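# An overview of the molecular structure
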Amino acid sequence: MSSEFDLIVIGAGPGGYIAAIRAAQLGLNVACIDAWRNAQGGPAPGGTCTNIGCIPSKALLQSSEHFEQAGHDFAAHGIGVSGLSIDVPVMQQRKAQVVKQNNEGILYLFKKNKVTFFHGTAALKGGNADAGWQVAVTGKDAEQVLSAKQIIVATGSVPRSLPGLDFDEQRVLSNDGALSIDAVPKTLGVIGAGVIGLEMGSVWRRLGAQVTLLEAMPDFLAAADAQIAKEALKQFTKQGLAIHLGAKITATKVLKNGVTVEWTNAKGEAQTLKVERLIVSVGRKPNTDSLGAQTIGLQLDERGFIQVDADCRTNLPGIWAVGDVVRGPMLAHKAEEEGVAVAERIAGQKPHVDFNTVPWVIYTAPEIAWVGQTEQQLKVAGRAYKAGSFPFMANGRARALGDTTGFVKMLADAQTDEILGVHIIGPMASELIAEAAVAMEFKAASEDIARICHAHPTLSESLKEAALGVAGRTLNF
Ligand code: FAD
Ligand code: NAI
């Protein structure tokens, strides 16, 4: 097998594997190297997203949502359920199967697109853009050296731990352990009420755990629109998640059968939380540990991210970096868009990624999704805007579904009517947000959405109604 390629991609998460496929489509001879191992030690491409992130979390969210609905919602439809139970090992096997299908799908796509896959750890060894960069791959049995004039680094991110509280994945869990719990704990603590904390906290609460979240910030979901965050806090609290804001962790102790957390609440009062298991979800950090960045002088910023310009170029010619290992939101679809754009740039094209139209989704129930600016961001920027909103309570499909929580809110420029942001909390928000992202990419006005025929009865009519609301003329509310 040749060791010379046009492009070597390091990491086969959503940033890397998508970049590799796109570059191969454009005629480049591509190698992709990924270190992830499955339970048998075999290759498991797909990165954090496929193995311990987006995919397994959504599998468990789905299983636990079915359980919750069977226990709480089916009766209203006249469906009786007796002897409802949850078999956690079966739920986990299903999750593992979903992950495996995705791993195998990526290996199939590599074959289909003639991307040469190497299973092992890659390290940058030396070279330059003219003669080619050398990358050593340490696999199961041996080391081999590959070379290419173009390199894309897509090594992703790893969970951040708290000082003095290492992950043991038994009592103190990162997202990896949080996705692999083998029996419903009676009590579960979560440090950090961000995206992972809320999604994982929801899974185990639905299955019967008493869940307490300790969040350092005084505001809940500070990145979301404040009105959406307020509604989310109300709904999650009603469901039984105990969420404490302004919490300061002062000490932790890992015991044989649980974890004790000493903390102070927003008023400064000392508190103690004793839980069987503790998830620590306080953010993630870039993963450059085994990359050999220093060996070749690849520049990192003060937080350890690979330093890149707006086009994902590093300080070294021919070396690019995408996804979680660079600045910007740590989202799979952001990594993918950057991967595609870099592959196209290498092939001489001029793509553009608009960070303002990257949607955010939190897959709780109700789901939360947004794209563009929040109301508080517009206020800080001093931009004059109009707002329209529509509650799912007034939507016929939501009533038929029995899921009327939440609302859609649209923000548009006061003068031009250009849509500046769309914020949704409610059923299928994750799917509904796509229409808003498309509209914003096309620089649509709220009136454009208001004048488009939406199928009836659908949840998407709520988006149209929110757009009508911008002009103060909702029809069904
Ligand atoms: P990664 O997916 O982290 O992939 C990097 C790959 O590089 C890994 O396979 C790693 O093994 C490999 N690697 C690293 N160093 C080397 C090396 N030296 N040699 C060889 N291989 C190496 N995002 C969403 O958009 N939607 C979601 O619903 C969502 N849910 C999430 C849920 C959880 C619990 C978590 C933790 C994350 C979630 N994310 C979600 C975030 C998403 O997983 C990441 O943004 C995404 O995986 C980043 O992709 P990436 O390609 O940059 O890196
Ligand atoms: P996060 O940034 O979403 O949330 C971390 C939370 O922990 C913040 O609210 C922060 O204020 C809090 N925190 C930090 N230090 C703390 C401390 N010492 N004590 C108490 N609270 C503390 O990070 P999270 O949840 O770890 O997820 C990492 C990333 O993974 C997300 O930012 C997101 O990009 C990605 N992700 C995306 C998902 C999605 O798109 N649905 C799902 C899960 C993760």
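Everything quoted here is computed from the prediction, not taken from an experiment.

We now examine the site of ligand 2. Taken together, the neighbourhood of ligand 2 is formed by 20 residues, with Ile196, Glu215, Gly283, Met330 and Val361 sitting nearest. Contacts to ligand 2 include Ser281, whose backbone N or O atom sits 3.5 Å from an oxygen atom. A distance of 2.7 Å separates a nitrogen atom of ligand 2 from a polar backbone atom of Val361. Alone, ligand 2 offers 830 Å² of accessible surface; in the complex the protein occludes 76% of this. Broken down by element, the shell around ligand 2 gets its largest block of residues, three residues, from helix H6 (residues 195-206). Partitioning the shell around ligand 2 into residue classes produces 12 nonpolar, four polar and four charged.

Moving on, we get to the nonpolar core. Side chains that are nonpolar tend, in soluble globular proteins, to be buried together. With 36 residues, the main nonpolar core has Trp204, Leu213, Phe220, Leu221, Phe236 and Ile368 as its most contacted residues. Taken together, the elements giving at least two residues each to this core come down to helix H3 (54-72), helix H4 (88-112), strand S9 (187-191), H6, strand S10 (210-214), helix H7 (226-239) and strand S19 (367-372). Leu213 has contacts with Val190, Gly192, Ala193, Gly197, Leu198, Leu241, Ala242, Ile243 and His244, leaving out every residue within four places of it along the chain. One finds Ala398, Ala429, Ala444 and Ala450 within the second-largest nonpolar core, a separate group that totals 29 residues.

Another point: the domain arrangement of the chain. Domain boundaries assigned for the chain yield domain 1 (4-158 + 285-353), domain 2 (172-282) and domain 3 (357-470). Just the C-alpha atoms count here: the centres of domain 1 and domain 3 sit 31 Å apart. Listed as interface residues are eight residues of domain 1 and, on the opposing side, six residues of domain 3. For the pair domain 1 and domain 3, the summed buried surface comes to about 580 Å²; carbon and sulfur atoms form 77% of the total. The three residues of domain 1 that bury the most area against domain 3 are Lys58, Leu331 and His333, which together make up 49% of that side's buried surface. The interface formed by domain 1 and domain 3 holds one residue pair in polar contact (both at pLDDT 80 or more) in total. Among the elements of the structure, H3 and helix H9 (332-346) are those that each provide at least two residues to the side of domain 1 that touches domain 3. With three residues, H3 is the largest single contributor of residues to the side of domain 1 that touches domain 3. Split into classes, the residues belonging to the side of domain 1 that touches domain 3 amount to three nonpolar, two polar and three charged.

Here the focus is the packing of helix H1 (residues 14-25) against H4. Angle between the axes and distance between the axes: these two values describe a pair of packed helices. Between H1 and H4, the shortest axis-to-axis distance is 10 Å and the interhelical angle comes to 20 degrees. Here H4 runs roughly parallel to H1, going by the angle between their axes. Note that H1 runs across H4; the crossing there is left-handed. Contact residues: Tyr17, Ala20 and Ile21 in H1; Ile106, Leu109 and Phe110 in H4.

On to the site of ligand 1, then. Contacts to ligand 1 come from 39 residues, most closely from Asp34, Thr48, Lys58, Ala122 and Asp324. Take Ala35: an N or O atom from its main chain is 3.2 Å from a nitrogen atom of ligand 1. Ser290 is positioned with one of its side-chain polar atoms (N or O) 3.0 Å from a nitrogen atom of ligand 1. When ligand 1 sits alone it has 1000 Å² of accessible area, and the protein chains cover 93% of it. Mapped by element, the contributors of at least two residues to the shell around ligand 1 are H1, strand S2 (30-34), helix H2 (47-52), H3, strand S4 (121-128) and H9. Of the residues belonging to the shell around ligand 1, the class tally is 17 nonpolar, 18 polar and four charged.

All right, on to the sheet that holds strand S14 (residues 270-275) then. One open sheet accounts for three strands, arranged S12-S13-S14; its pairing is antiparallel. Edge strands, defined here as strands with exactly one partner in the open sheet, are strand S12 (248-255) and S14. If you compare each strand with its neighbour and ignore which way they point, the axes differ by 15 degrees on average. For strand S13 (residues 258-264) and S14, the ladder comprises six bridges, and the chain directions are antiparallel. Bridged to Glu262 within S14 is Thr272.

Right, let's talk about the packing of aromatic side chains for a bit. Across all of its chains, the model carries five aromatic pairs by this definition. On the numbers, 6.2 Å between centres and 80 degrees between planes, the contact of Phe390 with Phe477 is edge-to-face. Of this pair, Phe390 sits in strand S20 (residues 385-391) while Phe477 sits in the segment after helix H14 (461-470), placing them 87 residues apart in sequence. On the accessibility criterion, Phe390 (2% relative accessible area) is buried. Given a relative accessible area of 63%, Phe477 falls into the exposed group.

This part covers unusual backbone geometry. Look at the link from Ala365 to Pro366: it is a cis peptide, with omega at 0 degrees. Tracing the backbone through its elements, the reader meets Pro366 in the loop between strand S18 (360-362) and S19. The step from His456 to Pro457 runs through a cis peptide bond, and the omega angle for that step is -10 degrees. Mapping Pro457 onto the fold places it in the loop between helix H13 (446-451) and H14. Positive phi outside glycine occurs at Lys114, with the angle close to 60 degrees. Structurally, Lys114 can be placed in the loop between H4 and strand S3 (116-119). Since its relative accessible area comes to 67%, Lys114 is described here as exposed. Despite not being glycine, Cys312 has its phi angle at roughly 75 degrees, a positive value. Its location among the elements puts Cys312 in the loop between helix H8 (293-296) and strand S17 (319-321).

Cut-offs applied
- The residue numbers shown here count from 1 along each chain, following its written sequence.
- In the order they appear in the text, chains get letters beginning with A and ligands get numbers beginning with 1.
- Residues qualify for local features only when their pLDDT is at least 70, as the model is predicted, and side-chain atom pairs are given and counted only at 80 or more; totals for whole chains, interfaces and linings, by contrast, use all residues.
- Side-chain numbers here rest on the full set of heavy atoms in the structure, without hydrogens or water.
- Any residue with a heavy atom positioned within 4 Å of a molecule or strand is treated as near that molecule or strand.
- Side-chain atoms alone can form a polar contact between residues adjacent in sequence; in general such a contact is a pair of N or O atoms within 3.5 Å, and within protein one must be able to donate a hydrogen while the other accepts it.
- Accessibility throughout is a Shrake-Rupley quantity obtained with a 1.4 Å probe, and a residue counts as covered only by protein chains that appear here.
- Secondary structure follows DSSP: runs of H or I at least 4 residues long count as helices, runs of E at least 2 residues long count as strands, and numbering of each begins at the N terminus.
- In this classification, Asp, Glu, Lys and Arg are treated as charged, Ala, Val, Leu, Ile, Met, Phe, Trp, Tyr, Cys and Pro as nonpolar, and every other residue, Gly included, as polar.
- The set of buried Ala, Val, Leu, Ile, Met, Phe, Trp, Tyr and Cys residues whose side-chain atoms join them within 4.5 Å is what this entry labels a nonpolar core.
- Using a 1.4 Å probe on the protein chains alone, a residue whose accessible area is under 20% of its type maximum counts as buried, one over 50% counts as exposed, and one in between counts as partly exposed.
- We call two residues contacting when some pair of their heavy atoms lies within 4.5 Å.
- The source of the domain bounds is an automatic or database domain assignment.
- The term buried area means the drop in 1.4 Å probe accessible area that two parts suffer when joined, counted for both and summed.
- The axes used here are C-alpha line fits, helices contributing only the stretch in contact, and every angle between their N-to-C directions lies in the interval 0 to 180 degrees.
- Each angle gets one of four labels, with under 35 degrees taken as roughly parallel, over 145 as roughly antiparallel, 65 to 115 as roughly perpendicular, and the rest as oblique.
- Rotating anticlockwise by less than a right angle from the far helix to the near helix defines a left-handed crossing, while the corresponding clockwise rotation defines a right-handed one.
- Criterion used throughout: strands pair if DSSP finds at least two bridges between them.
- Any two rings among Phe, Tyr and Trp, with Trp reduced to its six-membered ring, count as a pair given centres within 6.5 Å; such a pair is stacked if its planes are under 30 degrees apart, edge-to-face if over 60, and tilted if neither.

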